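# Breakdown of the fold
Listed below are the residues making up each chain.
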Amino acid sequence: MLELGLFYTSATVALVATVFAVTRYNVAHALIYLIISLLASAVIFYLVGAPFAAILEILIYAGAIMVLFVFVIMMLNLGSPGDGVEHQWLQPGMWIFPSILCLVLLAEIVYMLSSGDRMLQGKMIGPKQVGIDLFGPYVLAVEIASMLLLAGLVGAYHLGRKYLIDAREES
Amino acid sequence: MSMTELYSLLPMITLTSVILVLMMVIAFARNLALTCGLSAGGLLLTLVSVFWVNHDLSAGFVTPLLVVDAYALMFSALIVSGSFFITLIAYGYKVQRGELQDEFFLLLLLATLGGITLAHSTHFASFVLGLELLGISLYAMISYPNQGLFSLEAALKYLILSAVSSAIMLFGIALVYAVLGSLSFTEIASNVYQDTGFDRLFILVGSGMILAGISFKLSLVPFHMWTPDVYEGAPAPVTAFLATVSKGGIFAVLLRFFTTVDSYQYETIISGLFWIALLSILVGNILALMQTSIKRMLAYSSIAQIGYLMVAFIAASEIGGKQLAIEASAFFLIAYFLTTIGAFGVVTIMSIDSTDHDQDGLDKYEGLFWHRPLLAGFFSTMMLSLAGIPLTAGFIGKFYIIAAGVKSELWILLAVVVIGSGIGLFYYLRVIFTMTKQSESNEVNVSATGGWAMAAVTLLLVILGVYPAPVIEWVSAVAKALV
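Residues numbered from 1 in each chain as written. Chains lettered and ligands numbered in written order. Predicted model: local features only at pLDDT ≥ 70, side-chain atom pairs only at ≥ 80, totals over all residues. Heavy atoms only, no water.

## Observations regarding the overall build of chain B
The test is simple: Helical segments are the DSSP runs of H or I of at least four residues, strand segments are the runs of E of at least two, and each set is numbered from the N terminus. With the radius of gyration taken over C-alpha atoms, the globule rule is written as 2.2 Å times the number of residues to the power 0.38. Relative accessibility under 20% of the residue-type maximum defines a buried residue, over 50% an exposed one, and the middle range a partly exposed one, all with a 1.4 Å probe and only protein chains included. Contacts were defined at the residue level, with two residues in contact if any of their heavy atoms lie within 4.5 Å. Neither His nor the chain ends is counted toward charge; the positive residues are Lys and Arg and the negative residues Asp and Glu. A charge is said to be at NZ when it belongs to Lys, at CZ for Arg, at CG for Asp and at CD for Glu.
Scanning chain B for helices and strands turns up 20 helices and 2 strands. For chain B, whose C-alpha radius of gyration is 21 Å, the value lies close to the compact-globule estimate of 23 Å for 483 residues. Looking at the 483 residues of chain B, the share that counts as buried comes to 61%. A separation threshold of at least 6 residues defines the contact pool for chain B, and within that pool the share at least 24 residues apart is 81%. Taking the average place of the 18 positive charges on the side chains of chain B and the average place of its 27 negative ones, the gap between the two points comes to 4 Å.

As structure tokens, this is what we get:
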């Protein structure tokens, strides 16, 4: 019963954060809410017995991809007008609500860790089991996914190259 | 994996190695003739390996993800030959568009691999992976032209709507998984669950969402909004690919899912399918009537054609008519592939010199019979086949659909098919009449490979219309094995 309460709390956090991410006018603020939404779904993954997926969610989505986003936004705002924009982003007060959402998640995690393994149902799937499955019955999925990445790479290369050439001609 | 399993994956392995070789060749020498030759040769090699594996086939699962059987191999053969013809037709078109065209063929091969994966998939994981492989290659192919915001707009529309439909479909898959605890089609079929209350609701809503996602990719009404814009904005060879290979692969997996899981048992889903088919035929045909752009007209006509296909798909819900219905949809799809590739092939050839925008205005085709009689002849054959005139494959395909509908007693849908075909006759024949008008000559340079490929497609179309027996035998053997 308690686990169900934990689930609904983090699900609510995820929903609220996603709604805020979609409705913010300011990209940087939207990104913060998006990160919280990803963290909340990581907590849900942990609750249903998939700690490995939870860690991947944080490492890849909340970590790597978000950092890329932030880099892109920073590079789009070069120079002194960019400083003004950045100043506007860092207005005091906007951090309060995201922090509250984060604190809720933190409280949940601290509670779960202090009271042993808590999960909804089923059994815990660790990294070892995931690895065995990926290179056992699902090895072809890994292969097809590698081709998928190749397609993405070739496509991104071609589309990006177009702008590189344009930029070179201008300079 | 054992040797026999690897052997039965030979077509996929061949195509993957061709992709890797092609990638290395492009990295060292950019030569469009070489790239195109390699891709065409690689696709031919894949086709040979499909028949090779089909020759002494021991049907069975290869890992839980894929299944190699006569059905998968038939659709693979169809998809690979479609890509082969599109490669040949695209060559002349690409030559005129300057440098940096080599990656196009690489993307084409990758998308073909996605299509083959779909034909083989018997698990939601491989289904989604194949779908995304196809989709991601297509985004890049649609936005390929270097200049032109038009294609970029089309790609953006396709990207966003396709991502939304994928999300809806994934949600549906999650709902089905929540009840049945498996992603494999055969396990979904055999797992028991309580057919009441929430479980039933979850399965129904989940299947409905999966169906909505697939209907988007097949551009069925009411999920068809993107079709005309994307078809118009994409380069003509890509439009041909989008209309044939992509839809063929998705239809293959849809039919396999429904026959394996037997989703036909749900009245709600059948009546949903009924409305989808009915609306697709009517809306597609009526909206095609007044189009002045050939590409938009073909887009609406393809909505209607897939609507006809859905009639056969619904006919498979009757147990007695199942085999005939599967046979009919497979044959209709073969005819649809040939016709659509041929029609967009003519648009491709006409647009070879106009690098900023494809020649798709109906007025550009005025007097084509007097300047380019052979090309106009090919185009007329395609239009006649789409309209379902005898001596073309389209006639046999439509005949098959009606036979399947009669056997399963779908009278309302059959009436709609007849009405739709009547409306269709008007706009297909209008194209032919436009081509017979007298007008000033406008020069078209037909590339040799494209011309020969078009000749081959037209010849195949007529042969299938006059002597369809071998293909019918093949198709019915496949349908028998599947039922």
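## Some remarks on the overall build of chain A
Counted only if it meets this: Methods summary: accessible areas were calculated by the Shrake-Rupley approach with a probe of 1.4 Å, and residue burial reflects only the protein chains presented.
Along chain A, the regular secondary structure elements total 7 helices and 0 strands. Each helix and strand of chain A, ordered N terminal to C terminal, gives the series α-α-α-α-α-α-α. Buried residues in chain A amount to 29% of all 171 residues. If you take every contact in chain A between residues at least 6 apart in sequence, the share linking residues at least 24 apart comes to 73%. Of the roughly 10,900 Å² of accessible surface on chain A, a fraction of 74% belongs to carbon and sulfur atoms.

## What about the layout of surface pockets?
Residue and element names in this part refer to chain B. Formally: For each structure, a 1 Å grid was placed over the protein atoms alone; sets of points admitting a 1.4 Å probe that cannot get out are labelled cavities, open sets with protein on both sides within 12 Å along at least five of seven lines are labelled pockets, and lining residues have an atom within 4 Å of a point. Grid points are joined across faces, edges and corners, and a volume is the space filled by probe spheres set on the points. When residues are sorted by character, Ala, Val, Leu, Ile, Met, Phe, Trp, Tyr, Cys and Pro go into the nonpolar class, Asp, Glu, Lys and Arg into the charged class, and all the rest, Gly among them, into the polar class.
Taken as a whole, the second largest pocket spans an internal volume of roughly 430 Å³. Considering the residues around the second largest pocket, the lining is formed by 18 residues, among which Leu78, Ser81, Ile334, Leu338 and Leu460 are closest to the centre. Put simply, the parts of the chain that give the lining of the second largest pocket at least two residues each are α3 (32–55), α4 (70–95), α14 (322–350), α19 (448–466) and α20 (469–482). Looking at the lining of the second largest pocket element by element, the count peaks at 6 residues for α4. Here the residues of the lining of the second largest pocket sort into 16 nonpolar, 2 polar and no charged.

## Details of the interface of chain A and chain B
Worth spelling out the cut-off: Buried area is calculated as the accessible area (1.4 Å probe) missing from two parts once they are joined, with the contributions of both summed. We call two N or O atoms a polar contact when they sit within 3.5 Å, provided that within protein one can donate a hydrogen and the other can accept it, with sequence-adjacent residues counted only if both atoms are side-chain atoms.
Opposite the 21 residues of chain A that make contact, chain B presents 31 residues. Of the roughly 2,200 Å² buried where chain A meets chain B, counting both sides, 81% is carbon and sulfur surface. For the pair chain A and chain B, the number of links is 1 residue pair in polar contact (both at pLDDT 80 or more). Residue classes in the side of chain A that touches chain B are distributed as 16 nonpolar, 3 polar and 2 charged.

## Description of the side chain of serine 329 of chain B
With respect to the element layout, serine 329 of chain B can be found in helix α14. Serine 329 of chain B sits in the buried class, given a relative accessible area of 1%.

## Some words on unusual backbone geometry
All names here are of chain B. The amide bond that connects valine 221 to the next residue, proline 222, takes the cis arrangement and shows omega of 5°. Looking at the element boundaries, proline 222 is found in the loop between α9 (197–217) and α10 (227–233). Of note in this structure, serine 219 is not a glycine but carries a positive phi near 50°. For serine 219, the location among the structural elements is in the loop between α9 and α10. Residue leucine 391 is not a glycine yet carries a positive backbone phi of 75°. Along the chain, the position of leucine 391 falls in the loop between α16 (373–387) and α17 (393–407). Residue leucine 391 is classed as exposed on the basis of its relative accessible area of 56%.

## Considering the packing of α14 of chain B against α17 of chain B
All names here are of chain B. Let me state the cut-off plainly: Working convention: axes come from line fits to C-alpha atoms, limited for helices to the stretch in contact. Angles between N-to-C directions cover 0 to 180 degrees. When describing relative orientation, an angle under 35 degrees is termed roughly parallel and one over 145 degrees roughly antiparallel, while 65 to 115 degrees is termed roughly perpendicular and anything else oblique. Crossings are assigned a handedness: left-handed for a near helix turned anticlockwise from the far helix by less than a right angle, right-handed for a clockwise turn.
Axis separation between α14 and α17 bottoms out at 8 Å; the angle between their running directions is 160°. In terms of orientation, α14 and α17 fall into the roughly antiparallel class. The way α14 lies across α17 gives a crossing that is left-handed. Here Leu324, Ala325, Glu327, Ala328, Phe331, Phe332 and Ala335 of α14 lie close against α17, whose contacting residues are Ala393, Gly394, Ile396, Gly397, Lys398, Tyr400, Ile401, Ala403, Ala404 and Lys407. The residue inventory of the contact of α14 with α17, partitioned by class, reads 12 nonpolar, 2 polar and 3 charged.

## Overview of the pattern of salt bridges
Residue and element names in this part refer to chain B. Which entries qualify depends on this criterion: Every case where a carboxyl oxygen of Asp or Glu lies within 4 Å of a side-chain nitrogen of Lys or Arg is listed as a salt bridge.
This structure, assessed with the given rule, holds 10 salt bridges over all chains. Between arginine 256 and aspartate 69 there is a salt bridge whose closest N-O contact spans 3.1 Å. Taken together, the residues span a long stretch of sequence, with arginine 256 in helix α11 (residues 236–261) and aspartate 69 in the loop between β2 (66–68) and α4 at a distance of 187 residues. The class for arginine 256 is buried, based on a relative accessible area of 4%. Between aspartate 229 and lysine 157 there is a salt bridge, with the nearest N and O atoms lying 3.0 Å from each other. Taken together, the positions of aspartate 229 in helix α10 and lysine 157 in helix α7 (residues 149–180) put the pair 72 residues apart, joining distant regions of the chain. Assessed through its relative accessible area of 28%, lysine 157 is described here as partly exposed. Salt bridges linked by common partners bring Glu153, Lys157, Asp229, Glu232 and Arg296 together as one network.

## So, the nonpolar core
Side chains of a nonpolar character, in soluble globular proteins, are inclined to be buried together. Going by this rule: What makes a nonpolar core is a set of buried Ala, Val, Leu, Ile, Met, Phe, Trp, Tyr and Cys residues whose side-chain atoms join them at distances within 4.5 Å.
By size, the foremost hydrophobic cluster in this structure holds 187 residues, and its most contacted members are Phe251 and Met383 of chain B. Among the elements that take part in this core, α14 of chain B stands out by supplying 19 residues, more than any other. Not counting chain neighbours up to four residues away, the residues in contact with phenylalanine 251 of chain B comprise Tyr71, Phe75, Leu218, Leu309, Met310, Phe313, Ser329 and Leu333 of chain B. The next biggest cluster of nonpolar side chains, apart from the first, holds 13 residues, and it includes Ala14, Ala40, Leu47 and Leu101 of chain A.

## Some points on the confidence of the model for chain B
To keep things clear, this is the line we draw: Summary of the metric used: pLDDT quantifies the predictor's per-residue confidence within the range 0 to 100.
For chain B, per-residue confidence averages 91 on the pLDDT scale, and residues scoring 70 or more make up 99% of the total. Complex prediction metrics read pTM 0.93 and ipTM 0.91.

## With respect to the environment of isoleucine 44 of chain A
Residues and elements named next belong to chain A. With respect to the helices, strands and loops of the structure, isoleucine 44 is situated in helix α2 (residues 27–47). On a C-alpha basis, the gap between isoleucine 44 and threonine 9 in space is 9.6 Å, while along the polypeptide they are 35 residues apart. Isoleucine 44 has contacts with Phe7, Ser10 and Ala11, leaving out every residue within four places of it along the chain.

## Observations concerning α11 of chain B
Residues and elements named next belong to chain B. Going by this rule: A helix's residues, less one, multiplied by 1.5 Å, set its expected span. Note on bend: the value at a residue is the angle between axes fitted to the seven residues ending there and to the seven starting there.
End to end, α11 covers 37 Å across 26 residues, agreeing with the expected 38 Å (1.5 Å per residue, within 8%). The largest bend along α11 measures about 30° and falls at leucine 242. With respect to burial, α11 is a largely interior element, 25 of its 26 residues being buried. At the C-terminal side of α11, aspartate 262 shows a positive phi close to 60°.

## Notes on the packing of helix α13 (residues 294–315) of chain B against helix α18 (residues 411–436) of chain B
All names here are of chain B. Where α13 contacts α18, the axes come no closer than 11 Å and their chain directions differ by 155°. Viewed along their axes, α13 and α18 adopt a mutual orientation that is roughly antiparallel. In terms of crossing hand, the pair formed by α13 and α18 is left-handed. Judged by residue contacts, Ile294, Met297, Ser301, Gln305, Tyr308, Val311 and Ile314 of α13 engage Leu413, Val417, Gly420, Ser421, Tyr427, Tyr428 and Val431 from α18. Looking at the contact of α13 with α18, its residues break down into 10 nonpolar, 4 polar and no charged.

## What to know about the side chain of serine 207 of chain B
Residue and element names in this part refer to chain B. Within the secondary structure, serine 207 is located in helix α9. Look at serine 207 and you get buried, because its relative accessible area is 9%. Aside from chain neighbours lying at most four places away, what touches serine 207 is Val176 and Ile269.

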